[in-house]
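Residue-level listing of the chains:
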Amino acid sequence: MAKKSFSISQTIAEGLSNSIKTVSNHKGELNYEMMSIHLIEADPENPRKLNLSKEDLQIGAVNLALLAEDKKKQFEALMPLIDSIKKVGVRNAIEVYKYGTKYRLISGERRWLASLAAEREYIPVHICDKPNTFDLRYLQWIENIQREDLSLWEKYQNLKQLAEAYNAKHPQHAEITVKELSQILGTSERQSYRYFTLIRADSKILQAIQMGKINNLKLLEEIAGLKDAKTRQAFIDNLDGSSSRGIIKQIKEVKNAKAKNKLRQQGQSVTKINLGFLENPATAQAVFNMLIAHEKLSQFKPLFAAVDWSSTNKITQAFRKIFGLIEKNVVEQK
Amino acid sequence: MKIIAVVNNKGGVGKTTIARILAEYFSKIRNKRVLAIDMDSQANFSNRFIKMEADEYDREGKVPPLHPYYDPADPEDKEWDGRSSIAGIFFGDPVYPYPTAINNLEILPAYSTKMLLAEAVSRDEVIEKVYDQLHKFLTLPDLKENYDVVIIDTAPSKGPLTRSVVRAATDILIPSTMEPTPIEGTQGMMHLWKTESLRRDSSNPLNLIGILANAFDKRTSIHKDFYEDLKTRMPQHVLDSIITRRIVYTEVDSEGATPPSIFDYSDSNPAKIEIINVCKEIEARLVEKVYG
């Protein structure tokens, strides 16, 4: 009789293996619970704040008429979400991390505030480990950048923090590049170049952004692209926060005009004479020696004592110099 | 404080035997302060250490004896019937561990009817409360200060009581005989481990000590083959040491046995050597050797 042999069934083996892999790859990812809403607070380091605060929306105490104008608008924008939460609750857990005895928001500020307004006592949360600074800024960026009502200034603040966190994470690298920004943000290099311009904007441009005068990335890119500081400032001074399309067109026209001028200048200039080209340094040196032997130039021999006759660059420089000396000491003296 | 749960939803694989061995190992041999908890309504674990009594309302059920510290004349004990069990945590009753013949080993015994009642809850919100209850109890500062190790025996089930144990544990051990149905039972426990691991945060992981081969018969191909196969598939999660099938383990489990514990045998006794190897390996696999 053949030797008996036994093995675990394939189904069980797969089940066991699946359990081990899942724990190995995903432990802690499903830490969800229904949390008392009073344990949650906003993250003061998140630049995106609805002007509405927890206090404005204290349970049972919302009085629309008493809110300031901007808060009223935000509250009105929040109303559909508040209604939905009243009916069916929050469908997707907000993300929080533990901070002392409370929990701070990573994402879900609107759902949280709307839940407060809807007088919900509990909210579903996904408890995460406190993200490192870079991951936190990145999560906040992802959440914030989708929102159309985010101002350029707010985007700037978030992006600046993201870049700072990135640089802190990679101290040995030079500062973040356009390519790296493109990879982090998942945008095209074109778009990330605009974000890059935003991070690098000078104080005058930043001031204009903060005041709301420059309110989109395309306008920023065009203004920052003006090389002349006076022209740049003139445009900034004339901005009034209205539609930027017309202004972008004007800037492009100014840039085009300048480019045309430059070309025209380059076309008119025919003052240079080509004396031919030499490839052999020895020939160049021989020509040079003939020139420097001139009675009016021999006094300048010491100036050329250290010329490296094996370097085409140095030889070219020596000839430029001697042509200048010839012009001054030989031609003009006549 | 380590909280070691001994689990397998297949009966007869040796959970209670091994839970008892661990409770004695940590208290007698390693001199730790041990709390044994019996979460099986069959109350066999409790019966190893204290003399359980038949429930007068349900003759098949077991109740703990009167607590040695119970004094019916004491006004403080007026509202208490003198019996205490782990089931008390589900009903808001006082919970007093019982001392045992081993100096630093105490036990919170089962109470059959109350535990069956706790197991029978079906409404979602109540179930969640049951799941969390043991964890809440074991995180009480008084308790954490008084014990180094908690050993919990469970029922062969995946019901609310076992889930509450998995939720409370720091480490789980899955004994199994090397036969098809018990190994299938390990899969159910691995699934509980997986689900619990997903929901825990990283500061409080659920460590899988591993699958412990029990009642192993070296003469049989089936035991050897299943063990090798399991070890090949999950090398990190199957203990290297095994417990072979020996009559002495049944003997020490019977009432009035002399000696009453495997640890009372001589140091050269093969069963004792084997058991100490197993216990040492289990101890080494606990994530942090932090006691107290």
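The structure presented is a predicted model; accordingly, all values stated were derived computationally and were not measured.

1. A closer look at the packing of aromatic side chains
Part 1 of the argument: By the definition in use, this model includes 12 aromatic pairs over all chains.
Part 2 of the argument: Here the aromatic residues A:Phe288, A:Phe304, A:Trp309, A:Phe319 and A:Phe323 are joined through ring pairs into a cluster of three or more.
Part 3 of the argument: Sitting over the face of the ring of A:Phe304, A:Lys321 holds its NZ or CZ atom 5.9 Å from the ring centroid.
Part 4 of the argument: Over the face of the ring belonging to B:Tyr111 we find B:Lys114, whose NZ or CZ atom lies 4.6 Å from the ring centre.

2. A look at the sheet that holds strand β1 (residues 32–36) of chain A
Residues and elements named next belong to chain A.
Part 1 of the argument: Reading across from one edge, β1-β5-β3-β4-β2 is the order of the 5 strands in this open sheet, with mixed pairing throughout. One side of each edge strand has no neighbouring strand; the edge strands of this open sheet are β1 and β2 (40–41).
Part 2 of the argument: Here 5 bridges tie strand β3 (residues 94–99) to strand β4 (residues 102–107), and the two strands are oriented antiparallel to one another. Residue pairing across strands places valine 96 opposite leucine 105, the latter belonging to β4.

3. Details of the pattern of salt bridges
Part 1 of the argument: Evaluated as defined, the whole model comprises 26 salt bridges over all chains.
Part 2 of the argument: Note that A:Arg190 and A:Glu221 form a salt bridge whose closest N and O atoms lie 2.8 Å from each other. Linking A:Arg190 in helix α7 (residues 189–200) with A:Glu221 in helix α9 (residues 217–224), this pair joins segments that are 31 residues apart in sequence.
Part 3 of the argument: Relative accessible area serves as the criterion here: at 46%, A:Arg190 is assigned to the partly exposed category.
Part 4 of the argument: Note that B:Asp217 and B:Arg219 form a salt bridge whose closest N and O atoms lie 3.0 Å from each other.
Part 5 of the argument: A single salt-bridge network, built from bridges that share partners, covers B:Asp132, B:Arg167, B:Glu196, B:Arg199 and B:Arg200.

4. A few points about the environment of A:Leu136
All names here are of chain A.
Part 1 of the argument: In this fold, leucine 136 is placed in helix α4 (residues 133–145).
Part 2 of the argument: Of the residues examined, leucine 136 reaches a relative accessible area of 4% and is grouped as buried.
Part 3 of the argument: Taking the C-alpha atoms as reference points, leucine 136 and alanine 165, 29 residues apart in sequence, are found 9.2 Å from one another.
Part 4 of the argument: Ignoring sequence-local partners within four residues, the contact set of leucine 136 consists of Asp43, Tyr97, Ile106 and Pro131.

5. Structural notes on the interface of chain B and chain A
Part 1 of the argument: Taken residue by residue, the interface counts 23 residues in chain B and 24 residues in chain A.
Part 2 of the argument: Taken together, both faces of the contact between chain B and chain A bury some 2,100 Å²; the carbon and sulfur share is 66%.
Part 3 of the argument: At the junction of chain B with chain A, the criterion picks out 0 salt bridges.
Part 4 of the argument: Where chain B meets chain A, there are 4 residue pairs in polar contact (both at pLDDT 80 or more).
Part 5 of the argument: Breaking the side of chain B that touches chain A down by element, the ones donating at least two residues are α8 (180–199) and α9 (221–233) of chain B.
Part 6 of the argument: A per-element tally of the side of chain B that touches chain A places α8(B) first, with 11 residues.
Part 7 of the argument: Across the side of chain B that touches chain A, the residue classes tally to 8 nonpolar, 7 polar and 8 charged.

6. Here we look at the nonpolar core
Part 1 of the argument: Core analysis: the largest hydrophobic core is formed by 95 residues, its most contacted members being B:Leu22, B:Ile37, B:Met39, B:Leu134, B:Leu138 and B:Ile151.
Part 2 of the argument: When residues of this core are assigned to their parent elements, the largest contribution, 7 residues, is made by helix α1 (residues 15–29) of chain B.
Part 3 of the argument: Aside from chain neighbours lying at most four places away, what touches B:Leu138 is B:Met1, B:Ile3, B:Ile37, B:Leu143, B:Lys144, B:Val150, B:Ile152 and B:Ala168.
Part 4 of the argument: The next biggest cluster of nonpolar side chains, apart from the first, holds 35 residues, and it includes A:Ala165, A:Ala208, A:Ile209 and A:Ile223.

7. A few points about the confidence of the model for chain B
Part 1 of the argument: Summary statistics for chain B give a mean pLDDT of 90 and a share of 96% for residues scoring 70 or more.
Part 2 of the argument: With a pTM of 0.65, the predicted complex shows an ipTM of 0.77.

8. Observations concerning the sheet that holds strand β9 (residues 207–214) of chain B
All names here are of chain B.
Part 1 of the argument: The strand order across the open sheet built from 7 strands is β5-β6-β2-β7-β1-β8-β9, with neighbouring strands paired in mixed fashion. Looking at strand neighbours, the two that pair on one side only are β5 (98–99) and β9, the edges of this open sheet.
Part 2 of the argument: Here α8 sits on the sheet and contacts β8 (171–177) and β9; the angle it forms with β8, its principal contact strand, is near 165 degrees.

Cut-offs and rules
- Residues numbered from 1 in each chain as written.
- Chains lettered and ligands numbered in written order.
- Predicted model: local features only at pLDDT ≥ 70, side-chain atom pairs only at ≥ 80, totals over all residues.
- Heavy atoms only, no water.
- Phe/Tyr/Trp six-rings, centres within 6.5 Å; stacked < 30°, edge-to-face > 60°.
- Lys NZ or Arg CZ within 6 Å of the ring centre and 35° of its normal.
- Pairing = 2+ DSSP bridges.
- Helix = DSSP H or I, 4+ residues; strand = E, 2+ residues; numbered from the N terminus.
- Salt bridge = Lys/Arg side-chain N within 4 Å of Asp/Glu carboxyl O.
- Buried < 20%, exposed > 50% of the residue type's maximum accessible area, 1.4 Å probe, protein only.
- Contact = heavy atoms within 4.5 Å.
- Buried area = accessible area lost by both parts, 1.4 Å probe.
- Polar contact = N/O pair within 3.5 Å; in protein donor to acceptor, adjacent residues only side chain to side chain.
- Nonpolar A, V, L, I, M, F, W, Y, C, P; charged D, E, K, R; others polar.
- Core = buried A, V, L, I, M, F, W, Y, C linked by side-chain atoms within 4.5 Å.
- pLDDT = per-residue confidence, 0-100.
- Axes fitted to C-alpha atoms, helices over the stretch in contact; angles between N-to-C directions.

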